[in-house]
Amino acid sequence: MDVVAACRAFVAVSGHGSFTSGAAAAGIPQSVASRRVAALEEHFGARLFDRSSRAVRLTPFGQDMLPSARRLVDLADAMADDAERARLRPLRVAVPEICPPRRLADLVVGARRQRIHLEVRPAGPPERERLCRTLEVGAGIVAVPAATAAWRVPLGLAARTPFPAPTVFLETLRSGRSRAQARRRILIQPEDDVAHLRDPLTRAGQSAGLAPTQVTVTPSLVDAVAAALDSPDLLLCSRQQAEDFDLHWRPLAGLRLLRGYDVAADLGEDLDQLSTVLYADLARCLGASDGHPSPTGDLPPGSPSTGDPT
């Protein structure tokens, strides 16, 4: 017997003085209300209603049991409300601020279809780590080395004009003998200002003979894109970003740079939802367009898989 359902029928009938009216108020057929009250009476071993007249009246036992039945029904209703609120508990997630708003919106929609209520908070790498550490968010998509990453996004150089070759050799960016010849800079956006990306690129630039100022970190992504659109400078970015900014993109020769992302979460359930249920949706937001990104997933056809010149 469903005690809560039986008590709900009992309370409804007692409040309306009729099985017919009480059943209608409870949203059940009159026959169901009668069976539920009868089952409750059998369970307690005493009658709840006096049915000897046309009007249904509580027995003394019924009067004594009615307050408890009401409390049980109210508690069940409150529990159902709590469950709904818990189900809609927002999962606040710190995401890279480079994620395009439309793709983030698609992520939120996809999560809702999986009964996951997401609230995304775009931020740079240090801020995402801070938000996770202080528990201001339930989870974060944090920057990690590619070897330990759940998602990997190949990086290359993007420019306003087409490249003459399928890969870019850093040696070609050395300034000529003429002082009038401008030095083309490689612009590192804040999302890639992390040691496992910035340091290898800086060392490779030094080995190729680039001036120290030719590899530089920009204050913001907007500044970096503006410089790439208005000068010969090159933007370090993903292929997806280059397409969004209407720039031409090529991978670096001899140097494979990969953004790496993983989930940091306080609760195992949140970690599972992001790393499994929403894995493909997050991949699209991050620029790892296929469901299971590989280190060479964004390289153009014919490019060497390791970036080594051939």
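A short tour of the structure in this document, coming up. (Residues numbered from 1 in each chain as written. Predicted model: local features only at pLDDT ≥ 70, side-chain atom pairs only at ≥ 80, totals over all residues. Heavy atoms only, no water.)

### Let's talk about the pattern of salt bridges
Here is step 1 of the chain: Taken as a whole, this structure holds 16 salt bridges when the rule is applied.
Here is step 2 of the chain: The closest approach of N and O atoms between E243 and R239, which form a salt bridge, is 4.0 Å. Highlighted residues: E243 and R239, both in helix α9 (residues 239-244), separated by 4 residues, approximately one helical turn.
Here is step 3 of the chain: Classification of E243 by relative accessible area gives exposed; the value is 56%.
Here is step 4 of the chain: Residue R239 is classed as partly exposed on the basis of its relative accessible area, which comes to 29%.
Here is step 5 of the chain: The network of salt bridges with common partners includes R121, E127, R130 and E136. (Salt bridge = Lys/Arg side-chain N within 4 Å of Asp/Glu carboxyl O. Helix = DSSP H or I, 4+ residues; strand = E, 2+ residues; numbered from the N terminus. Buried < 20%, exposed > 50% of the residue type's maximum accessible area, 1.4 Å probe, protein only.)

### So, the layout of surface pockets
Here is step 1 of the chain: Considering only enclosed or pocket space, the largest pocket measures out at about 190 Å³ in volume.
Here is step 2 of the chain: Lining of the largest pocket is provided by 13 residues; of these, E97, I98, L221, Q241 and F245 occupy positions nearest its centre.
Here is step 3 of the chain: The set of elements that each furnish at least two residues to the lining of the largest pocket consists of α8 (221-230) and α9.
Here is step 4 of the chain: Lining of the second largest pocket is provided by A159, T161, P162, F163, P164, A165, T167, V168, F169, T172, L173 and R184.
Here is step 5 of the chain: Taken together, the residues that form the lining of the second largest pocket break down as 8 nonpolar, 3 polar and 1 charged. (1 Å grid on protein atoms, 1.4 Å probe; cavity = no way out; pocket = protein on both sides within 12 Å on 5 of 7 lines; lining within 4 Å. Points joined across faces, edges and corners; volume = space filled by probe spheres on them. Nonpolar A, V, L, I, M, F, W, Y, C, P; charged D, E, K, R; others polar.)

### Concerning the environment of R184
Here is step 1 of the chain: Its place among the elements puts R184 in the loop between β6 (151-159) and β7 (186-188).
Here is step 2 of the chain: Assessed through its relative accessible area of 27%, R184 is described here as partly exposed.
Here is step 3 of the chain: For R184 and A211, which are 27 residues apart along the polypeptide, the C-alpha to C-alpha distance reads 10.0 Å.
Here is step 4 of the chain: Looking at R184, its side chain comes within polar contact range of the main-chain oxygen of P232, at 2.8 Å. (Polar contact = N/O pair within 3.5 Å; in protein donor to acceptor, adjacent residues only side chain to side chain.)

### Structural notes on empty space enclosed by the protein
Here is step 1 of the chain: This structure, assessed with the given rule, holds 2 cavities of 30 Å³ or more.
Here is step 2 of the chain: Put simply, the parts of the chain that give the lining of the second largest cavity at least two residues each are α7 (195-207) and β11 (257-265).
Here is step 3 of the chain: With 3 residues, β11 is the largest single contributor of residues to the lining of the second largest cavity.
Here is step 4 of the chain: In terms of residue class, the lining of the second largest cavity is made up of 4 nonpolar, 2 polar and 3 charged.

### Points about α7
Here is step 1 of the chain: Helix length check: α7 (13 residues) gives 18 Å between terminal C-alpha atoms against 18 Å at 1.5 Å per residue, within 8%.
Here is step 2 of the chain: Those residues of α7 that sit buried are L197, L201 and G205. Viewed along the axis of α7, the buried residues span an arc of 50°, placing them on a single side of the element. What points out from α7, more than 90 degrees from its buried face, is the exposed set R203, Q206 and S207.
Here is step 3 of the chain: Contacts made by the buried residues of α7 are with β6, β7, β8 (215-217), β9 (234-238) and β11. (Expected span 1.5 Å × (residues − 1). Arc of directions from axis to C-beta. Contact = heavy atoms within 4.5 Å.)

### Structural notes on the packing of aromatic side chains
Here is step 1 of the chain: Inspection of the entire model under this criterion finds 4 aromatic pairs.
Here is step 2 of the chain: Between the aromatic rings of F10 and F49, the centroid separation amounts to 5.5 Å while the plane-to-plane angle is 75°, which identifies the pairing as edge-to-face. Here the residue F10 occupies a position in helix α1 (residues 3-16), and F49 occupies one in strand β1 (residues 49-50), the gap between them amounting to 39 residues. F49 shares its class with F10; the two are buried.
Here is step 3 of the chain: What links up through ring pairs into an aromatic cluster is the set F10, F19 and F49. (Phe/Tyr/Trp six-rings, centres within 6.5 Å; stacked < 30°, edge-to-face > 60°.)

### Brief notes about unusual backbone geometry
Here is step 1 of the chain: Of note in the backbone geometry, R115 takes a positive phi value of approximately 60° without being a glycine.
Here is step 2 of the chain: Mapped onto the elements, R115 comes out in the loop between α5 (101-113) and β4 (118-123).
Here is step 3 of the chain: Taking the relative accessible area as the measure of exposure, R115 reaches 54% and is therefore exposed.
Here is step 4 of the chain: Here the phi dihedral of L135 falls at roughly 60°; this positive angle occurs in a residue that is not glycine.
Here is step 5 of the chain: Relative to the helices and strands, L135 is located in the loop between α6 (125-133) and β5 (139-143).
Here is step 6 of the chain: Taking the relative accessible area as the measure of exposure, L135 reaches 54% and is therefore exposed.

### Description of the nonpolar core
Here is step 1 of the chain: Ranked by internal contacts, the top residues of the largest apolar core, which has 25 residues, are L118, I141, W151 and L274.
Here is step 2 of the chain: Of all the secondary-structure elements, those providing two or more residues to this core are β3 (91-96), α5, β5, β6, β11 and α11 (279-286).
Here is step 3 of the chain: Sort the elements by how many residues they give to this core and α11 lands first, with 5 residues.
Here is step 4 of the chain: In this structure, L274 is in contact with L91, V93, L118, A139, W151, V263, Y279 and L282, ignoring residues within four places of it in sequence.
Here is step 5 of the chain: L201, L210, L234 and L252 belong to the second largest nonpolar core, which has 21 residues in total. (Core = buried A, V, L, I, M, F, W, Y, C linked by side-chain atoms within 4.5 Å.)

All we've got here are geometric facts, nothing functional implied.
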